[in-house]
Amino acid sequence: MSEFVKRVDLIFGEYSDQKYKTLEKIVSRPNDDIIKDILDSGLRGRGGAGFPTAMKWKFAMEQPGDEKYVICNADEGEPGTFKDREILTQVPRKVFAGMAICGKVIGAKKGYIYLRGEYHYLLPGLLKEIDVYNTFAKELGIDFAIEIRMGSGAYICGEESALFESMEGKRGEPRNKPPYPTVSGYLNKPTVINNVETFVNVLMICRIGPVKYKKLGTRDSRGSKVFSVSGDTPIAGIYELELGMPLEKFVEEFGDGDTKAVQVGGASGFCVPRKKFKDTIIGFEGVPTGGSMMIFNSSRSMYNVLHNYLDFFEEESCGQCTPCRVGCQQLRKGIEAIKSGDKPVTYLDQLIKLSETMKITAKCGLGQSVANSFSSIVTNFKEEMIY
Amino acid sequence: MPANNNLIKELVNKYGRDRTSLMPILQGVVEQNNFISDMDMTEIAKELDLSAAQVFGTATFYSFLDTIPRGRFVIRVCKTIICDMHGKKMILQTLENLLKIKVGETTQDKKFTLLETNCLGWCHKGPSMLINHDVYSELTAETVHEIIAEYMHK
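Draft legend 1. Quick look at the environment of Gly77 of chain A. Counting through the fold element by element, Gly77 of chain A comes out in the loop between strand S1 (69-74) and helix H4 (83-90). Take Gly77 of chain A: its relative accessible area is 9%, and that puts it in the buried class. The sequence separation of Gly77 of chain A and Glu118 of chain A amounts to 41 residues, and the corresponding C-alpha distance is 8.9 Å. In contact with Gly77 of chain A, other than residues within four places in its own chain, are Arg116, Tyr155 and Phe312 of chain A together with Cys119 of chain B.

Draft legend 2. Molecular detail of the interface of chain A and chain B. Of the residues lining the interface, 51 residues belong to chain A; the matching set on chain B comes to 31 residues. Between chain A and chain B lies a buried interface of about 3,100 Å² when both sides are counted; carbon and sulfur atoms form 58% of it. Looking at the side of chain A facing chain B, the largest losses of area belong to Glu118, Ser152 and Arg171 of chain A, adding up to 19% of the total buried there. On inspection of chain A and its partner chain B, the count reaches one salt bridge. With a closest N to O distance of 2.4 Å, Lys79 of chain B and Glu315 of chain A form a salt bridge. Taken together, the connections running from chain A to chain B amount to 21 residue pairs in polar contact (both at pLDDT 80 or more). Mapped onto the side of chain A that touches chain B, the elements with two or more residues apiece are strand S3 (145-150), helix H7 (160-167), strand S5 (224-231), strand S6 (237-242), strand S11 (292-297) and helix H11 (302-316) of chain A. Per-element accounting of the side of chain A that touches chain B gives the leading share, seven residues, to H11 of chain A. Partitioned by chemical class, the residues of the side of chain A that touches chain B number 22 nonpolar, 16 polar and 13 charged.

Draft legend 3. Layout of the side chain of Asp66 of chain B. Residues and elements named next belong to chain B. Mapped onto the fold, Asp66 is located in the loop between helix H4 (52-61) and strand S1 (73-78). Using a relative accessible area of 4% as the deciding quantity, one classes Asp66 as buried. There is a polar contact of 2.9 Å between the side chain of Asp66 and the side chain of Arg70. Apart from residues lying up to four places away in sequence, Asp66 is in contact with Val30, Asn34, Phe35, Ile36, Arg76 and Leu115.

Draft legend 4. Representation of the nonpolar core in the model. Residues and elements named next belong to chain A. Within the largest apolar cluster, 133 residues are counted, with the highest numbers of intra-cluster contacts made by Trp57, Ile101 and Tyr133. Per-element tally for this core: the top contributor is helix H5 (residues 92-106), with nine residues. With near-sequence residues (within four places) excluded, Ile101 lies in contact with Leu23, Ile26, Ile34, Trp57, Val202, Leu203 and Cys206. Core analysis: the next-biggest nonpolar cluster, separate from the first, contains 19 residues, Tyr239, Leu241, Val251 and Val264 among them.

Draft legend 5. How the structure looks around the domain arrangement of chain A. All names here are of chain A. What the domain assignment lists for chain A is domain 1 (21-214) and domain 2 (302-386). On a C-alpha basis, the centres of domain 1 and domain 2 stand 33 Å from each other. If you look at the interface, domain 1 gives 11 residues, while domain 2 gives eight residues. Carbon and sulfur atoms supply 67% of the area buried between domain 1 and domain 2, which totals about 840 Å² over both sides.

Draft legend 6. Quick look at the pattern of salt bridges. Throughout the structure, instances matching the rule amount to 32 salt bridges over all chains. Several salt bridges converge on common partners, so that one network encompasses Lys83, Asp84, Glu197 and Lys225 of chain A.

Draft legend 7. Representation of unusual backbone geometry in the model. Here the residue pair Lys177 of chain A and Pro178 of chain A is connected by a cis peptide bond, since its omega of -5° sits within 30 degrees of zero. Examined against the element boundaries, Pro178 of chain A turns out to sit in the loop between H7 and strand S4 (191-195). In this structure, the amide linkage connecting Pro178 of chain A to the following residue, Pro179 of chain A, adopts the cis form with an omega of 5°. Among the structural elements, Pro179 of chain A can be located in the loop between H7 and S4. For Lys100 of chain B, which is not glycine, the phi torsion reads 55° and is therefore positive. Summarising the element assignment, Lys100 of chain B is placed in the loop between helix H6 (88-99) and strand S2 (112-117). Of note, the phi angle at Glu138 of chain B is positive, near 50°, even though the residue is not glycine. On the secondary structure map, Glu138 of chain B appears in the loop between strand S4 (134-136) and helix H7 (141-152).

Draft legend 8. Representation of the domain arrangement of chain B. Its domain assignment divides chain B into domain 1 (5-61) and domain 2 (73-152). Placing a centre on the C-alpha atoms of domain 1 of chain B and another on those of domain 2 of chain B gives a separation of 29 Å.

Draft legend 9. Representation of the layout of surface pockets in the model. Of the pockets and cavities examined, the second largest pocket occupies roughly 1,000 Å³. Around the second largest pocket, the lining comprises 35 residues; the ones closest to its centre are His120 and Met150 of chain A together with Gln27, Gly28 and Glu31 of chain B. Of all the elements in the fold, those that place two or more residues in the lining of the second largest pocket are helix H6 (123-140) and S3 of chain A together with helix H1 (5-15), helix H2 (22-33) and S1 of chain B. Top contributing element to the lining of the second largest pocket by residue count: H2 of chain B, with six residues.

Draft legend 10. Layout of the pairing of strand S8 (residues 259-264) of chain A. All names here are of chain A. Summarising burial for S8: six of the six residues are buried, a large majority. Where S8 meets S11, five bridges bridge the pair, whose relative direction is antiparallel. The partner of Gln263 across the bridge, within S11, is Met294. Bridging between S8 and strand S9 (residues 270-273) involves four bridges; their strand directions are antiparallel. Residue pairing across strands places Gln263 opposite Cys271, the latter belonging to S9. The turn joining S8 and S9, which pair antiparallel and follow one another in sequence, is formed by five residues; a positive phi near 95° is taken by Gly265.

Conventions and cut-offs
Residues numbered from 1 in each chain as written. Chains lettered and ligands numbered in written order. Predicted model: local features only at pLDDT ≥ 70, side-chain atom pairs only at ≥ 80, totals over all residues. Heavy atoms only, no water. Helix = DSSP H or I, 4+ residues; strand = E, 2+ residues; numbered from the N terminus. Buried < 20%, exposed > 50% of the residue type's maximum accessible area, 1.4 Å probe, protein only. Contact = heavy atoms within 4.5 Å. Buried area = accessible area lost by both parts, 1.4 Å probe. Salt bridge = Lys/Arg side-chain N within 4 Å of Asp/Glu carboxyl O. Polar contact = N/O pair within 3.5 Å; in protein donor to acceptor, adjacent residues only side chain to side chain. Nonpolar A, V, L, I, M, F, W, Y, C, P; charged D, E, K, R; others polar. Core = buried A, V, L, I, M, F, W, Y, C linked by side-chain atoms within 4.5 Å. Domains from an automatic or database assignment. 1 Å grid on protein atoms, 1.4 Å probe; cavity = no way out; pocket = protein on both sides within 12 Å on 5 of 7 lines; lining within 4 Å. Points joined across faces, edges and corners; volume = space filled by probe spheres on them. Pairing = 2+ DSSP bridges.

Shown next, in the form of structure tokens:
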């Protein structure tokens, strides 16, 4: 690998049979110390949004009451993302340990993993590992038990408040925010909900210390990230890399020599065309990503790519708010009409305006982020939308 | 169709009567019967002290909670971009020819239902599909033939 694309072996590395040794050490540490370590490490959430993890935990810790929850978001539905599946397959104990640390810090006794229905085949293995964890926790006097809840094929349930609704037996419709989950989450109790990978990062910070962890990545994007690489690449798969690398170097490493565009962050992320590879940094200072990197070469029609995304959003929109429910449909119909010649080219500007309106008026991240891929594809590949 | 009262009672005893048990109960019914009937929903509502509309609302929201009869083996082919680029259409055609049904239909012997679904999380090994809970990836026309032949005998 080149000097810019640095392989790391933090998440998947060092998985000993000596179970939960870091957790055993950490249960006696003061909560404020743990929070401070996570804060110093600069860790930001690995699900895509990148909220500082230490702050989230601190908010939940400061909430009164002893009924609090820790939830591990394993509803990995973003197109092009499959790293959480790999983490849960390879190193599940690291995830549970991260959750247990969170439980200790915020004062929760119960943790849930919300696993997407598509990953049901992982369930038997995970249940066995959870049994091991729960027994171990009891022996160690850790008052924090873990359970699994299954999703049933709804992308929107990866949105944290929709996930709570789903766990509460309701339709997966996002709630208004505020209140945020740390104040009122699952069953309206203070809840920390983090991505699978975030919990593993916390454990690793506790294990190697924030100073060593901080050496990875850049100022705005500390640590490593598990990337899901797919599309037109000879080496599709899962790679743990340092954050903050230029997209150009990434493409040199993973592309097939004819890369036209990279969709960073899945269908709800940004499409970066070849001419911008050089100036684009993968990380919170550039284009953030939950790990999804979809590579397209010159043989691909970006119209088809966008159409596929819009079909996806149209189906997965929960239908609760008008901007998203109607907006997704109209964007899809709009590009079809331009392609067929029923609408003039200038109609594209109107569609971009519509997507911008969705960005400011949709209730949750789904509707708000349709504009990301829509305007980045339409503005960079205008000819392909028309001809 | 009468409700599966025994199954529902069993599930309610296992998961409890709280609304938080609704998803596991609905999932349990689909697991056993491949779909949830209207009568099932009414019965679940009674057991959980909810309105039938609340149960219906939840059940119909989720794409894996089928509310119309499905075959014993539900095939869900991933149609999201990367699988689509890597030959999803051909896979779907192969399945349609083999099973002699179109997407959305169930074979007459009620053995197979063919559906499309959104990203399965196997983009690096697309095209991919689920048959009930099992994943099949890096599909070709040949492997699809083999897989279906295997299921024909189940």
